[in-house]
Amino acid sequence: METGRHPRSTTTPSHGLRPEDLTAVGRLALFCDLPPAALSDITIDASVTKYARGEVIFHQGDAPDALRVVLDGQVGLMGTVTDGGETMVEILKASEMFIAAAVLTEKPFLMSAVALQPSRILALPGERFRHDVRERSDLAFLMLTSMAKHYRMLVREVKDLKLKSAAQRLALYLLGLTVKREGSTIVRLPHSKSIIAARVGVRPETLSRAFGHLKKQGVVVDGHAVAIADIPALRSYCHEGEEII
């Protein structure tokens with residue numbers, strides 16, 4: 001994993017964002033309900049930074065300097081402990097913001113953020129963002145709604161870790177790689193198996209055993225390609241969609 005490089009901001013003197021970047025931000029689910037004037041105002045000091053695959057965006061323990069949102073690419077949130085242990089807590093896709101709680105509370109980041117693919121990241125400076133949340137009820141409501149959804153997602157993941165087997169959690173991960181709900185499909189693993197193992201919450205050797213268990217459910221692995229013979233059957237196996245979420 002590479003160490004972080006000095007960010008390369010793509011800004012203009014009159015506004016933190018280029019017109020095409022401001023348009024892209026306006027399309028994000030997080031901000032699309034804001035009037036154009038409000039969006040322009042809260043992003044006046046914003047910047048967009050490109051990160052190469054494997055590049056560190058910030059480290060665990062860093063001060064929360066900005067609220068960040070993925071514009072393009074994917075970002076992994078990594079948790080580490082002093083003995084060298086590391087796990088993938090979450091994988092973020094385009095339009096998702098990350099670690100807003102640290103920015104709002106001005107507490108150190110509890111995780112590191114690493115670009116898993118070439119990525120463009122929007123950064124809203126922390127002090128200005130906190131001011132805008134205090135002063136703008138529309139932005140405050142958007143943040144409250146987004147963080148509430150994220151909290152529910154984390155509760156669901158804790159439930160899965162406690163109530164479902166490694167094979168069932170792996171099945172849920174695979175189902176999340178396709179929009180199909182019926183029939184069969186072939187999905188491509190987007191990350192290395194070590195990253196997938198950490199995201200599912202198992203060791204790499206346990207991931208191999210979990211794939212072995214899923215053979216009985218019609219799941220066949222060939223390199224990075226995974227064939228799912230019966231999507232409804234796999235959904236039933238891992239009880240996907242049955243819980244109140």
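For the structure itself, consult the block above.
Residues numbered from 1 in each chain as written. Predicted model: local features only at pLDDT ≥ 70, side-chain atom pairs only at ≥ 80, totals over all residues. Heavy atoms only, no water.

1. Considerations on the pairing of strand β7 (residues 112-115)
A regular strand places its side chains so that they alternate between the two faces of the sheet.
Alright, step 1. A two-sided burial pattern is seen for β7, the buried positions comprising S112 and V114 on one face and A113 and A115 on the other.
Alright, step 2. Direction of pairing for strand β2 (residues 56-58) relative to β7: antiparallel, over a ladder of 2 bridges. Bridge pairing in β7 links V56 to V114.
Alright, step 3. For strand β4 (residues 75-80) and β7, the ladder comprises 4 bridges, and the chain directions are antiparallel. (Buried < 20%, exposed > 50% of the residue type's maximum accessible area, 1.4 Å probe, protein only. Helix = DSSP H or I, 4+ residues; strand = E, 2+ residues; numbered from the N terminus. Pairing = 2+ DSSP bridges.)

2. Remarks on the packing of helix α4 (residues 126-135) against helix α5 (residues 137-163)
Alright, step 1. The contact between α4 and α5 brings their axes to 5 Å, and the two run at 105°. Comparing their axes, α5 and α4 come out roughly perpendicular. Side by side, α4 and α5 meet where F129, D132, V133 and E135 of the first sit next to S137, L139, A140 and M143 of the second.
Alright, step 2. Here the residues of the contact of α4 with α5 sort into 5 nonpolar, 1 polar and 2 charged. (Axes fitted to C-alpha atoms, helices over the stretch in contact; angles between N-to-C directions. Parallel < 35°, antiparallel > 145°, perpendicular 65-115°, else oblique. Contact = heavy atoms within 4.5 Å. Nonpolar A, V, L, I, M, F, W, Y, C, P; charged D, E, K, R; others polar.)

3. Re the sheet that holds strand β11 (residues 225-228)
Strand pairing in a sheet takes place through backbone hydrogen bonds and is either antiparallel or parallel in direction.
Alright, step 1. Spatially, the 3 strands line up as an open sheet ordered β9-β11-β10, and their pairing is antiparallel. Where the open sheet ends on each side, the last strands, each with one partner, are β9 (185-188) and β10 (219-222). In this sheet, adjacent strand axes meet at a mean angle of 20° when their direction is disregarded.
Alright, step 2. For β10 and β11, the ladder comprises 4 bridges, and the chain directions are antiparallel. Paired with V220 across the strands is A227, a residue of β11.

4. Brief notes about the environment of V25
Alright, step 1. Within the secondary structure layout, V25 lies in helix α1 (residues 19-27).
Alright, step 2. V25 sits in the buried class, given a relative accessible area of 0%.
Alright, step 3. As for V25 and A37, which are separated by 12 residues in sequence, their C-alpha atoms are 13 Å apart.
Alright, step 4. Those residues in contact with V25 that sit more than four places away from it in its chain are L17, F31, L39, L71 and L122.

5. Details of the sheet that holds strand β8 (residues 119-125)
Alright, step 1. Here 4 strands make up an open sheet; going across it, the order is β1-β8-β3-β6 and the pairing antiparallel. Each edge of the sheet is formed by a strand with only one pairing partner; in this case those strands are β1 (47-51) and β6 (97-98).
Alright, step 2. Note: strand β3 (residues 66-72) against β8, 6 bridges, orientation antiparallel. Following the sheet pairing, L67 is matched in β8 by L124.

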